[in-house]
Structures are given as C-alpha cells and as structure tokens.
Amino acid sequence: DAWPAQAFRVDVIREEDGVLEFDMVGIDAAIANAFRRILLAEVPTMAVEKVFVYNNTSIVQDEILAHRLGLIPIRADPRLFEYRNQGDEEGTEIDTLQFQLKIKCSRNPQAAKESSDPNELYFNHKVYSKHMTWVPLGNQTDLFPDADFRPVHDDILIALLRPGQEIDVLMHCVKGIGKDHAKFSPVATASYRLLPDITLLQPIEGEAAETLQKCFSPGVIEIQNIKGKKVARVANARLDTFSREVFRHEGLKNLVRLARVRNHYIFSVESTGILPPDVLVSEAIKILMGKCQRFLNELDSVPME
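Residues numbered from 1 in each chain as written. Predicted model: local features only at pLDDT ≥ 70, side-chain atom pairs only at ≥ 80, totals over all residues. Heavy atoms only, no water.

Glancing now at unusual backbone geometry. Even without glycine at this site, Asn 124 takes up a positive phi of about 55°. Examined against the element boundaries, Asn 124 turns out to sit in the loop between strand E7 (122–123) and strand E8 (126–128). (Helix = DSSP H or I, 4+ residues; strand = E, 2+ residues; numbered from the N terminus.)

Here you go:
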C-alpha cells in the first residue's frame, strides 16, 4: 500500500532531559527502521580512541581502564571535527581532542584514628570523570575560544585508589560512528512502536466498564457517567502497552478489537548527552538524505540497457 506523499507529517510530543518523543505519520516501515538504525550506528560522535598510559599502579588493568575511558560520553560537538585519516598515529587539532587524567591517592593526616570510612581516611581515592581535563592541541585554544570540552557527566566512577596508587594517562578522542564501535553511538536508546488502535465493538457499561478500565494502562480507558450509567470509552490509545489482559475476561474479549495504525510510528530517542536529541534527529535525516542521493547518483551513472 503506497501512502499519499502529502499525508507525511512529524509531530513532536515531548522533549525533556535528553529524551525526545515524536510521531512520524505516513511513512513505510523500511524508512522508520532505516531512521532508527542511522540514529544507533551512523550519527558520529567524539570518543576516547587511544589511551597512553604513563603510570597506572591502581588495581584496574590498563586494558580495562582504557575500555572504561572509551565508554565515557564526551561533550564535544562532532561537527567541529574531521575524521582522522587511516594510519595516522599523531592527532592534529582538526581531528583529535586530548584529555589528561592525572591523580594520586594519599592518606588524610587529620583522619580520626578509629575511622574506617575511606572518604575520611584518604584523599583522591575515587577517580571520577570530572578529573579528566582538556589539553588543547596545536591552535585549539584559538579555534575554540569558548569551548568547554569535558565528559557529559562529572560523576562517572572510573577507578578506586588506595594511598600511593596513581593513574597518569593521556587520551586521544576521535570522531567515529556506532557501526565501528558502540562507544561512538550518540543515543542510549532509539526505538519506535506503532500507534495502538483500540475499538469498542459495542457499548460497555457498569461493572464491565470498570473491569475493562483495569485491563489497560492508566489513562487509556475513561469512564463517563451518562444518565446515571457508567459507560467506558477509549480516552488515549497511545498510552496502551498491548498487555492483552482484556482477552483473559470471557465477557469482554469479544467486545474489544486491538489493532495498530500501520503507518503511524511513535519514536523515542534518548541521547547520551553529547548532542540534544532534536539535533541527533536532524543529523539522522541528513544522513538518510545523503544515502538516497548517493543511490540516485549510482542509478544515473549506470548505463541503461
């Protein structure tokens, strides 16, 4: 079934704390899925790629430490940087962000003798992402005068130290996509579901109406008082989770039809905080348009029989 082109629309439902919920109406499942996969795997971000370990006497092995650092989301707009060329060992100011993590644990001489609380006994015994500091490369100070490159969250625990142990590492962040490594994925989740469609095949009244209301998520069915009778009606089908609970009730299962609107997708995009979700969505649309354009160019270049 081809949907009429003019019927396509996007409705933004809510946007808060890095989560965007919006509806895409009038598209094919293939487009919706392409869009979801681009968000997961093809919108670029900056992440730690190389870790130069100068000193690590903590109990966290170098490889594990490097892996943990790689997964920390970095607040840096990937659109400001180029991809690093294959085989380039040295980073330059246009393709690399450099961070340093240098911290040493020591005893607190003022701690009470009988104390057993590490927070009181030691200084710097918890290594957090806030201890990562940006070290400008080349002329980055001039390129990004008001930049604030740092981890998205300050309170990500990287390692625990004890007196005398230290970590001294230098990190190179590069631009990449989730297809190459999950650490480059800009979203925590990107998913879609079809809009539920609930139809009451005949009026449902009295106790049956109350039972029906309990079968669905709160807000889906509302009970109206019409001439002293309780009558059920579908208030907001999009809140339904498709629990199918209603089919367990003999008296109700033949009175309700559950379906889905085939061309109405409810998208939920949760950003890791590197870029706001609305920017991720517009970047994904650009990538999808680029793919379509490339495909059309390929078709044009193939001589027709």
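From this point, things continue past the structure.
All right, on to the pattern of salt bridges then. In the structure shown here, the tally under the stated rule is 20 salt bridges. Across the salt bridge formed by Glu 21 and Arg 238, the nearest N and O atoms sit 2.7 Å from each other. With Glu 21 in strand E2 (residues 19–25) and Arg 238 in the loop between strand E15 (229–234) and strand E16 (256–271), this pair connects stretches of sequence that are 217 residues apart. Note on accessibility: Glu 21 and Arg 238 belong to one class, buried. A salt bridge links Lys 183 to Glu 49; its shortest N-O distance comes to 3.1 Å. Of this pair, Lys 183 sits in the loop between strand E12 (166–176) and strand E13 (187–200) while Glu 49 sits in strand E3 (residues 45–56), placing them 134 residues apart in sequence. Its relative accessible area of 42% is what places Glu 49 among the partly exposed residues. When salt bridges that share partners are traced, they join Arg 14, Glu 16, Glu 21, Asp 23 and Arg 238 into one network. (Salt bridge = Lys/Arg side-chain N within 4 Å of Asp/Glu carboxyl O. Buried < 20%, exposed > 50% of the residue type's maximum accessible area, 1.4 Å probe, protein only.)

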